Amino acid sequence: MSKYRCTVCGYIYDPEQGDPSAGIKPGTEFESLPDTWVCPECGVGKDMFEKV
Amino acid sequence: MRYEISKDVFWVGAVDWSVRHFHGYTFNTGSGTTYNAYLILGEKITLIDTVFGPFAAELLEKIAEIVPPEKIDYIVANHVETDHSGALTEIMRAAPRAKLFGTAKCREGLYRHYYGDWPFQTVKTGDTLSLGGDKTLTFIEAPMLHWPDSMFTYLDAGQVLFSNDAFGQHLAHSKRFADEVEPGILMREAAKYYANILWPLSRLVLGKIAELQKSGLPVSMIAPSHGMIWRGDRGVILENYARWAQNRPEAKAVLVYETMWGGTEKMAGAIYSGLLDAGVETAMFDINRADRTEIIGRMLEAGGYLCGSSTHDNSMLPNLAGFMHLLKGLKPQNRIAAAFGSFGWAGGAVKEIEQIFRETGLSLACEGISAQYSPDPRDLEKCRNFGREFGRKLIGPPK
């Protein structure tokens with residue numbers, strides 16, 4: 001499972017953690033996040049993330 | 001004086017003629033700035049943003065010339081930052097029945113600024129708010145343009161886009177419209193604003209402009225939170241934003257240096273002559289005498305950067321180091337760069353500057369050039385050739 005970094009604010013999406021603030025369960029791959037998911041820190045979209 | 005910028009829409013902001021340092025000391029405002037707030041007279045009286053705290057009384061006076069402040073029904077907070085929300089505590093006191101509207105991040109952020117228990121409705125992109133009659137607001141979230149909470153608000157009557165910090169300028173002026181300002185001054189301030197605040201967010205700027213165009217909302221006026229309001233010339237600022245955001249600079253050079261005893265300064269002068277030999281328009285700045293905000297503004301249009309420093313404690317000098325740190329954070333792309341500097345014994349500054357250029361993602365056009373102590377005529381001739389070579393690379397092969 002790959003981590004992804006927000007190129008705007010530096011937040012790391014870790015699939016092992018998921019994103020509880022948005023109801024994303026641990027074990028969710030970045031690719032499986034809904035298109036409406038945004039960076040929990042700065043609010044930008046998935047397209048602003050890059051693989052770590 | 002009442003400033004009706006569009007039918008039933010009034011500018012109720014403040015002009016700050018005295019401010020010279022903004023965001024702490026990150027932005028030098030050569031001629032002050034404005035904090036733009038707008039009052040819409042619908043069936044529901046609506047205030048778009050407020051002003052910096054010290055100007056709260058001025059905002060209330062301006063509102064009172066149009067309508068008693070206690071009659072305000074809605075306040076839209078497009079952005080948490082204190083230069084736009086600083087008067088909220090006093091406004092909420094003066095307008096006790098007012099309800100706030102903003103993004104979810106705005107709600108969190110306002111609480112962390114003012115700890116007020118205010119009625120707040122969270123809004124998202126596409127949400128609308130009827131002000132009665134022919135007036136409806138549409139909200140457009142704009143995360144990281146330039147904070148997570150940032151938002152634009154659109155008024156259908158008069159087709160006004162309240163863009164908050166986007167499309168602004170730090171410019172104090174007694175007029176309100178962009179077309180009332182000398183165009184060179186206006187665009188220089190807009191470029192400085194873009195370069196120093198929005199440059200690292202360029203991809204988001206391009207995305208937001210595309211989103212606005214796709215939304216089909218006709219825009220006749222762009223009313224930002226700082227500086228002048230765009231009406232007939234709104235296309236010009238949109239075109240410039242798109243161009244700046246694409247990082248497609250011109251074949252111009254900016255040369256910035258810091259010198260201890262004048263050796264690096266002499267090198268800078270010779271490199272400058274070489275750039276001119278190559279036919280490249282060049283601007284040269286001593287970091288300790290020039291205005292940092294102005295230099296960054298010039299760098300927005302330039303495709304070649306040359307930075308130099310004497311070596312001190314095996315490193316570059318501290319004020320150039322601060323500048324390089326600032327430049328790296330602004331993430332300029334598609335540019336070439338080179339380093340230079342004098343040294344006494346081991347050196348170190350040139351390698352350090354080159355390392356920062358690499359980390360910024362800029363390609364090194366020439367290997368850095370050094371000279372021991374005070375450069376002699378041969379060193380200066382090498383510097384001049386270095387400038388010529390850099391200039392040729394900047395212009396590119398003959399077309």
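Note that the structure is a prediction, hence the values are computed from the model and not measured. (Residues numbered from 1 in each chain as written. Chains lettered and ligands numbered in written order. Predicted model: local features only at pLDDT ≥ 70, side-chain atom pairs only at ≥ 80, totals over all residues. Heavy atoms only, no water.)

Draft legend 1. Quick peek at unusual backbone geometry. Residue and element names in this part refer to chain B. Each neighbour pair has its own omega, and for Leu 145 with His 146 the value is 15 degrees, a cis peptide bond. Locating His 146 in the fold gives a position in the loop between strand E13 (136–141) and strand E14 (151–155). One non-glycine residue, Met 144, adopts positive backbone phi at about 65 degrees. Overall, the relative accessible area of 12% leaves Met 144 in the buried class. At Asn 314, a position not held by glycine, the phi torsion is positive, near 65 degrees. (Helix = DSSP H or I, 4+ residues; strand = E, 2+ residues; numbered from the N terminus. Buried < 20%, exposed > 50% of the residue type's maximum accessible area, 1.4 Å probe, protein only.)

Draft legend 2. Up close: the sheet that holds strand E1 (residues 4–6) of chain A. The sheet built from 3 strands is open, its strands ordered E2-E1-E3 (chain A) with antiparallel pairing. Looking along the sheet, the strands with just one partner apiece sit at the ends: strand E2 (12–13) and strand E3 (49–51) of chain A. (Pairing = 2+ DSSP bridges.)

Draft legend 3. Quick look at the interface of chain A and chain B. Taken together, the contacts link 9 residues of chain A with 8 residues of chain B. Contact with chain B buries surface across chain A, with Val 8, Cys 42 and Met 48 of chain A losing the most and accounting together for 50% of the total. Counting across the chain A and chain B interface gives 0 salt bridges. Our count for the contact surface shared by chain A and chain B stands at 4 residue pairs in polar contact (both at pLDDT 80 or more). Here the residues of the side of chain A that touches chain B are counted per class, giving 5 nonpolar, 2 polar and 2 charged. (Contact = heavy atoms within 4.5 Å. Buried area = accessible area lost by both parts, 1.4 Å probe. Salt bridge = Lys/Arg side-chain N within 4 Å of Asp/Glu carboxyl O. Polar contact = N/O pair within 3.5 Å; in protein donor to acceptor, adjacent residues only side chain to side chain. Nonpolar A, V, L, I, M, F, W, Y, C, P; charged D, E, K, R; others polar.)

Draft legend 4. Structural detail: the layout of surface pockets. Approximately 930 Å³ is the volume found for the largest pocket. Taken together, 34 residues make up the lining of the largest pocket; nearest its centre are Val 38, Gly 43 and Val 44 of chain A together with Glu 141 and Pro 143 of chain B. Of all the elements in the fold, those that place two or more residues in the lining of the largest pocket are helix H4 (104–114) and helix H6 (202–215) of chain B. Among the elements that make up the lining of the largest pocket, the one with the highest residue count is H6 of chain B (5 residues). Class assignment of the residues belonging to the lining of the largest pocket gives a composition of 16 nonpolar, 9 polar and 9 charged. (1 Å grid on protein atoms, 1.4 Å probe; cavity = no way out; pocket = protein on both sides within 12 Å on 5 of 7 lines; lining within 4 Å. Points joined across faces, edges and corners; volume = space filled by probe spheres on them.)

Draft legend 5. Up close: the environment of Arg 188 of chain B. Structurally, Arg 188 of chain B can be placed in helix H5 (residues 183–198). The spacing of Arg 188 of chain B and Thr 259 of chain B is 71 residues in sequence and 28 Å in space, taken between C-alpha atoms.

Draft legend 6. Seen up close, empty space enclosed by the protein. Residue and element names in this part refer to chain B. If you walk through the whole model with that rule in mind, you get 3 cavities of 30 Å³ or more. Of the pockets and cavities examined, the largest cavity occupies roughly 60 Å³. Lining the largest cavity we find Leu 145, Phe 152, Ala 166, Phe 167, Leu 198, Val 205, Lys 208, Ile 209, Leu 212 and Tyr 241. Residues that form the lining of the largest cavity fall into these classes: 9 nonpolar, no polar and 1 charged. Empty space within the second largest cavity amounts to approximately 50 Å³. In terms of lining residues, the second largest cavity is bounded by Arg 243, Trp 244, Asn 247, Arg 248, Pro 249, Leu 300, Glu 301 and Arg 335. Every element with two or more residues in the lining of the second largest cavity is listed here: helix H7 (234–245) and helix H9 (292–301). Looking at the lining of the second largest cavity, its residues break down into 3 nonpolar, 1 polar and 4 charged.

Draft legend 7. Molecular detail of the nonpolar core. Residue and element names in this part refer to chain B. Counting residues in hydrophobic clusters, the biggest one holds 106 residues, and the most contacted among them are Tyr 241 and Met 299. If you tally residues by element for this core, the top one is H5, at 8 residues. For Met 299, the contacting residues outside a window of four places in its chain are Trp 199, Val 254, Val 256, Tyr 305, Phe 323, Leu 327 and Arg 335. Core analysis: the next-biggest nonpolar cluster, separate from the first, contains 26 residues, Val 9, Leu 131, Ala 157 and Ile 229 among them. (Core = buried A, V, L, I, M, F, W, Y, C linked by side-chain atoms within 4.5 Å.)

Draft legend 8. Structural view of the packing of aromatic side chains. All told, the structure shown has 20 aromatic pairs over all chains when counted by the stated rule. With 4.0 Å between their ring centres and 10 degrees between their planes, Tyr 4 of chain A and Phe 30 of chain A make a pair best called stacked. Highlighted residues: Tyr 4 of chain A in strand E1 and Phe 30 of chain A in the loop between E2 and E3, separated in sequence by 26 residues. This pair shows no difference in class: Tyr 4 of chain A is buried, exactly as Phe 30 of chain A is. An angle of 45 degrees between the planes, with centres 5.7 Å apart, marks the rings of Tyr 35 of chain B and Phe 52 of chain B as tilted. With Tyr 35 of chain B in strand E6 (residues 33–35) and Phe 52 of chain B in the loop between strand E8 (45–48) and helix H1 (56–64), the pair connects residues that are 17 residues apart, well separated along the chain. (Phe/Tyr/Trp six-rings, centres within 6.5 Å; stacked < 30°, edge-to-face > 60°.)

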